[in-house]
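# Tertiary structure, described
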Amino acid sequence: MLEPLRQGLPPIDPSAVAGSATCALPARYEAVGGARRFTRTTLTSWDLGDHFDDVALVVSELVTNALRHALPADAARERQDTTVRLHLMRWASRLVCAVRDPSEKGPVAGQAPDSAESGRGLFLVESFSDCWGWHPSPVPVGDTTPDGGFGKVVWALFRLTDHAAPEPVPLDAFPDSL
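Residues numbered from 1 in each chain as written. Predicted model: local features only at pLDDT ≥ 70, side-chain atom pairs only at ≥ 80, totals over all residues. Heavy atoms only, no water.

## A short note on the packing of helix α3 (residues 52–70) against helix α4 (residues 121–128)
One way to put it is that α3 packs onto α4 with a least axis distance of 9 Å and a crossing angle of 150°. Between α3 and α4, the angle falls in the class roughly antiparallel. Between α3 and α4 lies a crossing of left-handed hand. For the pair α3 and α4, the contacting residues are Asp54, Leu57, Val58, Glu61, Leu62 and Asn65 in the first and Gly121, Leu122, Leu124, Val125 and Phe128 in the second. Classifying every residue of the contact of α3 with α4 gives seven nonpolar, two polar and two charged. (Axes fitted to C-alpha atoms, helices over the stretch in contact; angles between N-to-C directions. Helix = DSSP H or I, 4+ residues; strand = E, 2+ residues; numbered from the N terminus. Parallel < 35°, antiparallel > 145°, perpendicular 65-115°, else oblique. Left-handed = near helix turned anticlockwise from the far one by under 90°. Contact = heavy atoms within 4.5 Å. Nonpolar A, V, L, I, M, F, W, Y, C, P; charged D, E, K, R; others polar.)

Here it is, written out as structure tokens:
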């Protein structure tokens with residue numbers, strides 16, 4: 001399922017996974033602030049608070065894109081649906097932020113004019129993370145999407161140390177809920 005994330009990375013040792021955390025987000029723009037608070041709390045508990053600014057910017061962009069582009073147009077923004085999920089996964093030398101949403105359509109980087117107030121989200125994700133991508137995601141057991149599809153995961157990877165060689169990421173290290 002996460003083969004696109006693993007492409008170009010060496011195989012992973014399952015014992016290298018240091019932590020993971022998941023947050024269900026309501027289908028409202030206020031969820032972006034909740035995602036940032038969740039990210040701060042999680043990174044602080046992992047002693048990675050010094051990475052908060054870059055990671056929170058990327059999390060904000062990924063969650064905003066999911067809310068703006070991936071939810072059905074007729075979704076009631078006031079409902080408490082948790083159709084968007086934020087996953088944070090940590091290894092000794094890398095951190096992955098992944099946002100799962102119900103749309104199967106892949107993200108497309110825009111060409112926003114300098115005067116535009118939006119349209120640069122994926123450019124920021126690319127600029128602040130070491131790499132990013134997306135892939136289709138199966139729906140976890142007991143979970144459904146509004147359109148009956150499987151959804152997708154958009155992820156960004158951060159290297160936590162510049163001098164360490166990247167450690168491998170095991171196939172079974174990611175939660176099945178992605």
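## Describing the side chain of His87
Structurally, His87 is set in strand β2 (residues 84–91). At 3.0 Å, the side chain of His87 forms a polar contact with the side chain of Thr22. (Polar contact = N/O pair within 3.5 Å; in protein donor to acceptor, adjacent residues only side chain to side chain.)

## As for the pairing of strand β5 (residues 152–159)
The element β5 is largely enclosed, with a buried count of seven among its eight residues. Across eight bridges, strand β3 (residues 94–101) lies against β5 in antiparallel orientation. The residue bridging Val96 from the neighbouring strand is Leu157, located in β5. Inspection of the sheet shows strand β4 (residues 131–136) paired to β5 by six bridges, in the antiparallel sense. Paired with Trp134 across the bridge in β5 is Val154. (Buried < 20%, exposed > 50% of the residue type's maximum accessible area, 1.4 Å probe, protein only. Pairing = 2+ DSSP bridges.)

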